[in-house]
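Here is what each chain is made of, one letter per residue.
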Amino acid sequence: QTLKIMKNINENLNFYLFDPIIKNNKKTSKIKIFNFALSDKKGKKMLLMPFYKNINLDSLNSFELKNINKYKEKYLNKLDIKIKKKLVKTATIDSLNLKSDFIKLDVEDHEYEVLKGGIKHLKTNKPIILLENNNKIKKISLFLKSLNFEPYQLFENSFVKNKKLLGDDVFFIHRSLNVNKLV
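Student: Would you mind going over the sheet that holds strand β5 (residues 55-56) with me for this structure?
Tutor: Spatial strand order, β3-β6-β4-β5: four strands in an open sheet with mixed pairing. Of all strands in the sheet, those bounded by a partner on one side alone are β3 (37-38) and β5. Both strand β4 (residues 43-52) and strand β6 (residues 82-91) contribute to a ladder of nine bridges, which runs antiparallel. Residue pairing across strands places Leu-47 opposite Lys-86, the latter belonging to β6.

Shown next as structure tokens:
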């Protein structure tokens, strides 16, 4: 969904997608798909994948079982969910030497680790960061604040400071950027 919105804003943007499970050979000059997960270390990590009737509920794939269990208790408590494990490759943002102006992360409570693996990238590129509000948002906010990023939310087509970290989505914008010119 974000991909479609961003392409409508600027068709010249490059997109880098990271997914250790997806088997997609459909590449374009503007879209590059990496078949590994982002984290704070390069190596391998156990990905937990919930299945219902042999169908992977892939939007819930996570490195943390408590994340899957929380969702299961809230929405799927009567279903027989099986957890399969898969050892996947991981890399850090910094190891990729990419340039970015915008980062959207939805990695099921692994956002802090991904950002920690991209300190050099964040300091150099100062991308706008969009995160889904989650259990680690306060920890992430403190970490990003140490790199001069401030939390915002989108309200009536404007960015407004979001010190209380309210809402479903939280944007982090570097202090050096003029927030008023972004929308």
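Student: Sorry if this is basic, but what is going on with the packing of aromatic side chains here?
Tutor: For any pair of aromatic rings, the description rests on two quantities: the centre-to-centre distance and the angle between the ring planes. All told, the structure shown has eight aromatic pairs when counted by the stated rule. Geometrically, the ring pair formed by Phe-34 and Phe-36 is tilted, given 5.4 Å between the ring centres and 55° between the ring planes. Each member of the pair Phe-34 and Phe-36 is classed as buried. Ring geometry for Tyr-152 versus Phe-159: centroids 6.4 Å apart, planes at 80°, classification edge-to-face. Each residue in the set Tyr-16, Phe-18, Phe-34 and Phe-36 is aromatic and connected to the rest through ring pairs, giving one cluster. Seen from the ring of Phe-63, Lys-45 lies directly overhead, with NZ or CZ sitting 5.5 Å from the centre.

Student: Explain the pairing of strand β8 (residues 128-132) to me, please; I cannot follow it from the model alone.
Tutor: Along any regular strand the residues' side chains alternate between the sheet's two faces. For β8, the tally of buried residues reaches four of five residues, placing the bulk of the element in the interior. As defined by bridge partners, strand β7 (residues 102-105) adjoins β8 across four bridges and the pair is classed as parallel. The residue of β8 that forms the bridge with Ile-103 is Ile-129.

Student: How should I be thinking about the pattern of salt bridges in this particular structure?
Tutor: When their charged atoms lie close together, side chains carrying opposite charge are able to pair. Taken as a whole, this structure holds eight salt bridges when the rule is applied. A salt bridge links Lys-136 to Glu-64; its shortest N-O distance comes to 2.9 Å. One end of the pair, Lys-136, is in the loop between β8 and α5 (137-145); the other, Glu-64, is in the loop between β5 and α2 (65-75), with 72 residues separating them in the sequence. Each of the two residues, Lys-136 as well as Glu-64, counts as buried. Linking Arg-175 and Glu-150 is a salt bridge whose minimum nitrogen-to-oxygen distance equals 2.5 Å. With Arg-175 in the segment after β11 (169-174) and Glu-150 in strand β9 (residues 149-155), this pair connects stretches of sequence that are 25 residues apart.

Student: Please clarify how the nonpolar core should be interpreted in this entry.
Tutor: Ranked by size, the top nonpolar core spans 23 residues in total, and within it Leu-115, Leu-122, Ile-129, Leu-131, Leu-144 and Phe-172 carry the most contacts. Of all the secondary-structure elements, those providing two or more residues to this core are β7, α3 (111-116), β8, α5 and β11. Here this core takes four residues from α5, the largest share from any one element. Apart from residues no more than four positions distant in its own chain, Leu-115 is found in contact with Leu-105, Leu-122, Ile-129, Leu-131, Ile-140, Phe-143 and Leu-144.

Parameters at a glance
Residues numbered from 1 in each chain as written. Predicted model: local features only at pLDDT ≥ 70, side-chain atom pairs only at ≥ 80, totals over all residues. Heavy atoms only, no water. Pairing = 2+ DSSP bridges. Helix = DSSP H or I, 4+ residues; strand = E, 2+ residues; numbered from the N terminus. Phe/Tyr/Trp six-rings, centres within 6.5 Å; stacked < 30°, edge-to-face > 60°. Buried < 20%, exposed > 50% of the residue type's maximum accessible area, 1.4 Å probe, protein only. Lys NZ or Arg CZ within 6 Å of the ring centre and 35° of its normal. Salt bridge = Lys/Arg side-chain N within 4 Å of Asp/Glu carboxyl O. Core = buried A, V, L, I, M, F, W, Y, C linked by side-chain atoms within 4.5 Å. Contact = heavy atoms within 4.5 Å.

It is worth stressing that arrangement in space is one thing and function is another; only the former is reported here.
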